[in-house]
Amino acid sequence: MLARMTTQRPTDTNIRISESADLLAAVPHLLGFHPLDSLVVIGLHGAEPMNIGLTLRVDLPPPQHYDLLADQLAMPLAERQTDGVVLVVVGGDGSPDEPPCAALMTYLEAAFADAGISVLHRLWAPRIAEGIRWLCYDDNDCGGVLPDPTATPLAAAAVVAGAVTMASREAVVATLAPVEATTLTRRAHLLEVVSRGSEPGNDTATLGIERLTTVRAAIECAIDEPPILTDEDVLVLMDALADHRVRDACLVQEDEDHRLGAERLWTALVRATPSPERAEPASLLAFYTYLRGDGVLAGIALEQAEKADPGHRLTVLLRESLLAGLPPHHLLKACTNAADRANHLLTQERPS
């Protein structure tokens, strides 16, 4: 029941709580897509105008899960030392004069009060679009009409940051849609043959260096344009990433260009690779997108990894980090240590 997505999209925009219509209109740009039948919790820091922090979204839950969900949502926001939140419901079974899920708001207020977080406002809109009437839970006289969502300061900040706002979460999922089933079936067979042919005990540091060099070369090529992968590309790269020293060494890239190339390569591999091997690039993609603030894509990539290989080590670590609302820089520090250890293991036996 916990939020499937977190996001900290880069923006220097502050918000005044009195500007409720602008904040509602900005929700799609905070999330990266237009939500439907959703609860959105916007974390805020400081005094007015406040800084927008961690934003969480979940599907509207059934009433029997209200209390559990409220406690779960409060935890990561408290970890981020959030001062206040704005609660937003989009969709649901509300009427023009009565917002839905009023009982959910009561549970949320109690959970956030226990965590020392103020609920600053509670808002509802049937959907986020220009001209749609919105209401407050707090005051029957509070409400209005939404402005154009593309004309808000947060929309402008998202454009400057290069972020794209999708029409729906399903549209984001589609960016990781796998190639045709026949191709995946063929590659699954080829990967199985390669795995059966691997010699036990051949996992040497020298071989690991060769594998890491192969992946780094592919990242370098992906800087200029997204890669188109052949069967041979997938076999070679997945053989390399199956060496967890190589996979962990790839957690950190030297500069922004190489981070872009790596994210493009992981995206291509997620689409091109069958299960369970897909978990390796999917977990790497989740890590990279979480670091740059695209919580939507991070959550979707993580779901792909979990589906491909339940219990996958890196996937479990990332899921725990997202559930706890771990700030990206804290996660980067932990994974930098893992990358340093991996590089040490790969080089300590390298022939001189």
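Below is a summary of the structure that appears in this document. Remember, it's a predicted structure, so these values are computed and weren't measured experimentally.

Attention now goes to the packing of helix α10 (residues 256-272) against helix α11 (residues 279-291). For the pair α10 and α11, the least separation of the axes is 8 Å and the interaxial angle reads 140°. In terms of their interaxial angle, α10 and α11 are classed as oblique. By crossing handedness, the relation of α10 to α11 is classed as left-handed. Listed contacts from α11 to Arg-259, Ala-262, Glu-263, Trp-266, Thr-267, Leu-269 and Val-270 of α10 are Pro-281, Ala-282, Leu-284, Leu-285, Tyr-288 and Thr-289. Of the residues belonging to the contact of α10 with α11, the class tally is nine nonpolar, two polar and two charged.

A cluster of like negative charges, contributed by Glu-220, Asp-224, Glu-225, Glu-254, Glu-256 and Asp-257, occupies part of the molecular surface. Residue placement: Asp-257 occurs in helix α10.

Bringing α11 into the picture now. The end-to-end C-alpha distance of α11 is 18 Å, a good match for the 18 Å that 13 residues give at a rise of 1.5 Å each. When α11 is considered as a whole, its buried residues turn out to be Ala-279, Glu-280, Pro-281, Ala-282, Ser-283, Leu-284, Leu-285, Ala-286, Phe-287, Tyr-288, Thr-289 and Tyr-290. Just beyond α11, the residue with positive phi is Gly-293, at close to 95°.

Definitions and limits used
Residues numbered from 1 in each chain as written. Predicted model: local features only at pLDDT ≥ 70, side-chain atom pairs only at ≥ 80, totals over all residues. Heavy atoms only, no water. Axes fitted to C-alpha atoms, helices over the stretch in contact; angles between N-to-C directions. Helix = DSSP H or I, 4+ residues; strand = E, 2+ residues; numbered from the N terminus. Parallel < 35°, antiparallel > 145°, perpendicular 65-115°, else oblique. Left-handed = near helix turned anticlockwise from the far one by under 90°. Contact = heavy atoms within 4.5 Å. Nonpolar A, V, L, I, M, F, W, Y, C, P; charged D, E, K, R; others polar. Patch = residues over 30% accessible without salt bridge, like charges linked within 9 Å, V, L, I, M, F, W, Y side chains within 5 Å. Areas by Shrake-Rupley, 256 points an atom, 1.4 Å probe, with all protein chains shown as cover. Salt bridge = Lys/Arg side-chain N within 4 Å of Asp/Glu carboxyl O. Lys, Arg positive; Asp, Glu negative; His and termini not counted. Charge placed at Lys NZ, Arg CZ, Asp CG, Glu CD. Expected span 1.5 Å × (residues − 1). Buried < 20%, exposed > 50% of the residue type's maximum accessible area, 1.4 Å probe, protein only.

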